[in-house]
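# Remarks on the overall topology
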Amino acid sequence: MQFHPFTLIIQALLSLFLISYITKWLYKKTYGNKKNLPPSPPKLPILGNLHQLGLLPHRNLQSLAKKYGPIMLLHFGNKPTLIVSSADSAREIMKTHDVIFSDRLESSVGKRLLYNCKDVSIAPYGEYWRQLKSICVLQLLSNKRVQSFHYIREEETALLMKRIKREYPTGSIDLSEMLTQFTNDVVCRSAFGKKYSAVENGKKFILLLKELLELLGTISIGDFVPMLSWINRVNGFDARVDKVAREFDEFFEGVIRERMENPKKLHGDNFLDILLHIYQNNSTGVTIDRDSIKAIILDVFAAGTDTTSTLLEWEMTELLRNPTIMKKLQHQVREVVKDKNGIITENDLEKMPYLKAVIKETLRLHAPIPLLPRVARKYVKVMGYDISAGTLVMTNVWAIGRDPASWHEPEKFDPDRFFDSRVDYQGLDFELIPFGAGRRGCPGISFATATNGFLLANLVREFDWALPDDVEDLDMSERPGVAIHRAVPLVAVAKQKKMWNS
Ligand code: HEM
């Protein structure tokens, strides 16, 4: 006897629906409704609330939170998912119960692309993750190491300035593209000691990276509704993931082989060499294998490139939309360096509080990663609600940055608000947590802010910026992904500032 595949799918769906209904009924009959669960919007069978996420989940979840409150329970397929949308509830997750909420969601795509979770960002909480995190914090991304990379930021910034000067006589320039290449090159040189954008093999690497970020940013339906995981096989998604994983591995193996065969090249001042040193010498008491090295390097690219270029893109967007703020920033930056022929050093950034305020205000309105995923490792009570083990928690950092309970006129871009406040983005003030907080907080803050602050100061010092004549106001739509970029590239007109002391 033969069954049509469609009949099988319908039968499977019906059986699952029936089983889930009976289980729920039995549970209610046995235990009653004793649990105190957070408010929930109605959900569909099987899909739960997945259909309500849309392409930009942070926005749709903010709208739902306005109706159901700052802590609400949704279901992504069969996965209970807590959505947290206020500073107070985020503090509960990332400070009060940080250890309990320090697991990540095990995603099938992440597992296949990141060497079975051997990286830092999706490794489950435990001894292995602790060791990798300490390598990141103490060896790869410490303040000292970030400072030692200052020459990379300076050289790449100078190259970008030259490129803009070369291109601006032609009219408008595509800033989005330039900012992406700049951050890729800075991260690439820090990771490998050289950049790949200029060589043929490297172009392939950049394309692979683009593909990796796109795949990591896709919600894989099979993770939430296992019976629908066949969709990814049929539509070619799984094949794409396997291809990217394979090609990255070949690329990394080539680079590692080249270094191991020529120990003179292992000079130690880049992430790969530092990791290979730990791998070969076991000098830090930490044991890592080859896959861990490749996974950590991938993490640095996945977590560090797109996030940093997105931030720069939104900063320039807001400055172009707000010419008065742009002028105020230019005035401060130019004043600080007017006696130095306009040359900025990284120490000068300390004397530019308005620059820091512009960066904070952009991070408040445009957190590059708007939703932070954590998973509860065991049962816990949060703000009086019962949260069961395995619950996925999404902290909506984007909504928290626009919460009127924390911010006066939240939709307004107003860097001055930070002069009356001590709120910072280091993970201690929960109304502004673009880098997360607690144990799983971002280890790349210094790297990102050093790269970002130095380039932004140079961009506004060196050039006067304007929108192209035919653009009255900028399109502010967002593009879905791991980091939320502008939907359309940022195009602007640059004119060089001639006199530093005017
Ligand atoms: C503007 C730039 C950046 C932003 C906004 C950002 C934001 C974040 C956020 C929100 C998290 C999750 C935190 C949490 O769950 O509490 C994170 C984790 C992480 N970030 Fe960043 N990041 C940036 C740049 C970087 C850079 C430059 C690197 C490395 C070079 C980096 C490496 C990582 C890693 C490895 C993790 C995982 C940490 C863990 O799970 O323990 N990030 N980042």
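Here's what I pulled together on the structure shown here. (Residues numbered from 1 in each chain as written. Predicted model: local features only at pLDDT ≥ 70, side-chain atom pairs only at ≥ 80, totals over all residues. Heavy atoms only, no water.)

A few words now on the packing of helix 15 (residues 323–336) against helix 18 (residues 445–462). The contact between helix 15 and helix 18 brings their axes to 9 Å, and the two run at 100 degrees. When the axes of helix 15 and helix 18 are compared, the pair comes out roughly perpendicular. Here helix 15 contributes Met 326, Leu 329, Gln 330, Val 333 and Arg 334 to the contact with helix 18, which in turn contributes Ala 457, Val 460 and Arg 461. Here the contact of helix 15 with helix 18 is composed, by residue class, of five nonpolar, one polar and two charged. (Axes fitted to C-alpha atoms, helices over the stretch in contact; angles between N-to-C directions. Helix = DSSP H or I, 4+ residues; strand = E, 2+ residues; numbered from the N terminus. Parallel < 35°, antiparallel > 145°, perpendicular 65-115°, else oblique. Contact = heavy atoms within 4.5 Å. Nonpolar A, V, L, I, M, F, W, Y, C, P; charged D, E, K, R; others polar.)

Once that is clear, we can look at the coordination of the iron atom of the ligand. One donor from the polypeptide reaches the iron atom of the ligand: Cys 442 (SG), at 2.3 Å. With respect to the helices, strands and loops of the structure, Cys 442 is situated in the loop between helix 17 (397–401) and helix 18. (Donors = N, O, S within 2.8 Å, 3.2 Å for Na, K, Ca; no water.)

For the coordinates displayed, the defined rule picks out 19 aromatic pairs. A ring pair is formed by Tyr 168 and Phe 463, whose centres lie 6.0 Å apart and whose planes are at 80 degrees; its orientation type is edge-to-face. One end of the pair, Tyr 168, is in the loop between helix 7 (150–167) and strand 3 (172–174); the other, Phe 463, is in strand 8 (residues 463–466), and 295 residues separate them in sequence. For Phe 463, a relative accessible area of 0% gives the class buried. Of the aromatic side chains, those joined through ring pairs into one cluster are Phe 192, Phe 205, Phe 248, Phe 251, Phe 252 and Phe 301. (Phe/Tyr/Trp six-rings, centres within 6.5 Å; stacked < 30°, edge-to-face > 60°. Buried < 20%, exposed > 50% of the residue type's maximum accessible area, 1.4 Å probe, protein only.)

Time to look at unusual backbone geometry. One non-glycine residue, Ile 46, lies in the positive phi region at around 65 degrees. Turning to its location among the elements, Ile 46 is positioned in the loop between helix 1 (5–31) and helix 2 (57–68). Its relative accessible area of 29% is what places Ile 46 among the partly exposed residues. Within the chain, Glu 409 stands out as a residue other than glycine whose phi angle is a positive 40 degrees. The residue Glu 409 is located in the loop between helix 17 and helix 18 in this model. Among the residues examined, Glu 409 registers a relative accessible area of 43% and is labelled partly exposed.

Take helix 14 (residues 290–321) next. Compared with the 46 Å implied by 1.5 Å per residue over 32 residues, the 47 Å span of helix 14 between its first and last C-alpha is a close match. The backbone nitrogen of Asp 291 lies 3.2 Å from a side-chain oxygen of the residue at the head of helix 14, namely Asp 289. (Expected span 1.5 Å × (residues − 1). Polar contact = N/O pair within 3.5 Å; in protein donor to acceptor, adjacent residues only side chain to side chain.)

With respect to spatial proximity, 27 residues lie near the ligand, and among them Arg 104, Lys 133, Arg 374, Arg 440 and Cys 442 are the closest. A distance of 3.5 Å is found between a nitrogen atom of the ligand and a backbone nitrogen or oxygen belonging to Ala 303. Ala 437 is positioned with one of its backbone polar atoms (N or O) 3.2 Å from an oxygen atom of the ligand. Listed by contribution, the elements that provide at least two residues to the shell around the ligand are helix 5 (127–140), helix 14, strand 4 (371–375) and helix 18. The element that contributes the greatest number of residues to the shell around the ligand is helix 14, accounting for six residues. The residue inventory of the shell around the ligand, partitioned by class, reads 16 nonpolar, seven polar and four charged. (Near = heavy atom within 4 Å.)

So, about the sheet that holds strand 4. Spatial strand order, 1-2-7-4: four strands in an open sheet with mixed pairing. If you trace the sheet from one side to the other, it starts and ends with strand 1 (71–76) and strand 4, each paired once. Here the strands of the sheet are splayed against their neighbours by 25 degrees on average, with no regard to which way each runs. With four bridges joining them, strand 2 (residues 79–84) and strand 7 (residues 392–396) adopt parallel strand pairing. Within the sheet, the bridge partner assigned to Thr 81 lies in strand 7 and is Leu 392. Sitting on the sheet, helix 2 touches strand 1, strand 2, strand 4 and strand 7, and the angle it makes with strand 1 is about 130 degrees. (Pairing = 2+ DSSP bridges.)

Here strand 1 lies mainly inside the structure; six of its six residues are buried. Alternating residues of strand 1 divide into Ile 71, Leu 73 and His 75 and Met 72, Leu 74 and Phe 76, and every residue in both groups is buried. With six bridges connecting them, strand 1 and strand 2 associate as antiparallel partners. Bridge pairing links Phe 76 to Lys 79 in strand 2. The loop that links strand 1 with its antiparallel partner strand 2 comprises two residues; one of these, Gly 77, has a positive phi angle of about 60 degrees.

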